[in-house]
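# A closer look at the structure
Chain by chain, the residues:
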Amino acid sequence: MAYILALDQGTTSSRAILFDRSGGTSAVAQREFEQHFPTPGWVEHDPREIWASQMAVAAEALARAQAGPGDVAAIGITNQRETTVVWDRQTGEPVYPAIVWQDRRTAEQCDRLKADGFEPLVRERTGLVIDAYFSGTKVAWILDHVDGARAKAEAGRLAFGTIDAWLVWQLTGGRAHVTDVSNASRTMLFNIHTLRWDEDLLRVLRIPAAILPDVRASSDVYGRVKGGLGLDGIAIASMAGDQQAALFGQMCVAPGLAKNTYGTGCFLLLNTGDRPIASSNHLLTTVAWQAGGRTEYALEGSVFIGGAVVQWLRDGLGLIRSSAEVEGLASSVPDNGGVYLVPAFAGLGAPHWDPYARGTIVGLTRGTGAAHLARAAVESIAYQVADLLEAIHRDSGIALGELRVDGGAARNDMLMQFQADLLGVPVVRPHVTETTAIGAAYLAGLATGFWASPGEIASQWRAERRFEPSMPRADADRLLGRWHEALGRAKGWLDGGARS
């Protein structure tokens, strides 16, 4: 068997990538799917469209490599994490659209949980903060707002899952209802110390245990594909949330190594080894993965709007025709012209956790042009990452030697150089930037013996380019200071009467 097939189910597209034994990419297929915004602050996906798009790209990748199921040793799955699906166990049909991780509809419920004093319990058990970002309140909302859903859930007729569990259910023809520890740790329902669903939190959110998937290791054989999908018989051998998969794919497998993924959002993770580190700076403590009988943890900072700000320039403002054009436009001016864009379109994530912040542009003058807006948008990504790294440093005490980067926006040289200048440490871009998918592939390959050990995998990682900091520290600090002033103007924008 020549390949591992990685299914990379993201926020805006589904991808399938075939990796060979050297870690090289043999075939790639990608398909975008529709984003639904039924009311301000709400974001939904059609789970059936996600499933159809994922199967379509899997078939396309196999066809491009002229490969069949017999050539594939295993399937590895990585996915957008907190996005929530509830479906009927008998029919397999979703009872409501998938509520996406960006969705803010449960912000007021989270406020009530905080007011009722549950924040310390959630923090201690799950390593998370109470926020609409996570799956728990999304599940509760579906049970409370879909006719008959709560009664069916209590009777064991409904199933909840993040996207990984939804895909495995479909791939196995409904035979496996499972998730892995990395995705479970993002639900606000999972005890990261006992590695079990937490009965107290289920009681607080009124979620029946019967709805929950079994929790397994991230590198394990969960079943085989059934149902005439063109993939029949292939072992499904890994699941990992996209950011944990990227951490593994970047070979940040030792404590103190960190990566940042520049996707729709930005996600900075620091490996903390076999012990969870509680954050005092509004970061998340999360399970990184479980493989070979060992559980690894990470500190994480999450930015809601990273590369999505470039999509907004393209689709919302029409300043560019494709995302690739943003670097040229932003680089056509020497600086931002005093313009700062805070892309709090879905509130602010770590380290601020302000669901009522909204997008803000400050510093506009008559001399401001499209290029300044483009540059401010690109720079906003780097500013947010710098805030995350500062918080991670305060929590861990680790002075980072370098930051490994991946994701679509990591191909933007201007952004990577600006990031290195703000951080004051080298930014390292790997030769293989599909680190989320390859992380899932590596975990699946380890479960099936396709690769013998993590050491064999580590020998495949190599850098494509290092961006060394060149900006004087005083200049970087001045820019960061102005950024924080702009942040202050974006926070708490929605008052009590306008919250949605």
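Summarised in this report is the structure supplied together with it. Quick caveat, the model's predicted, so the values are computed rather than measured.

### A look at unusual backbone geometry
- At the junction of Ala-350 and Pro-351, the peptide bond is cis and its omega measures out at -5° in the coordinates.
- Here Arg-206, not a glycine, exhibits a phi torsion of approximately 55°, which is positive.
- Residue position: Arg-206 is located in the loop between α8 (199-205) and β12 (214-216).
- Residue Arg-206 is classed as partly exposed on the basis of its relative accessible area of 47%.
- Although it is not a glycine, Met-251 sits at a positive phi angle of roughly 60°.
- Within the element layout of this structure, Met-251 appears in the loop between α9 (242-249) and β15 (258-262).

### A look at the pairing of strand β6 (residues 84-88)
- Extensive coverage of β6 is indicated by the burial of 5 of its 5 residues.
- Here β6 shows two buried faces, one formed by Thr-84, Val-86 and Asp-88 and the other by Val-85 and Trp-87.
- Summarising the sheet, β6 and strand β8 (residues 158-162) pair through 5 bridges and their orientation is antiparallel. Each residue of the ladder has a partner; that of Val-86, found in β8, is Phe-160.

### Looking at helix α12 (residues 370-396)
- With 27 residues, α12 should reach 39 Å at 1.5 Å per residue; the first-to-last C-alpha distance of 40 Å fits that figure.
- Counting buried residues along α12, 23 of its 27 residues qualify, which places the element largely inside the surrounding structure.
- Looking one or two residues past α12, Gly-397 carries a phi angle of roughly 75°, positive in sign.

The rules behind these values
Residues numbered from 1 in each chain as written. Predicted model: local features only at pLDDT ≥ 70, side-chain atom pairs only at ≥ 80, totals over all residues. Heavy atoms only, no water. Helix = DSSP H or I, 4+ residues; strand = E, 2+ residues; numbered from the N terminus. Buried < 20%, exposed > 50% of the residue type's maximum accessible area, 1.4 Å probe, protein only. Pairing = 2+ DSSP bridges. Expected span 1.5 Å × (residues − 1).

Fair warning: the whole summary comes from geometry, so function is off the table for now.
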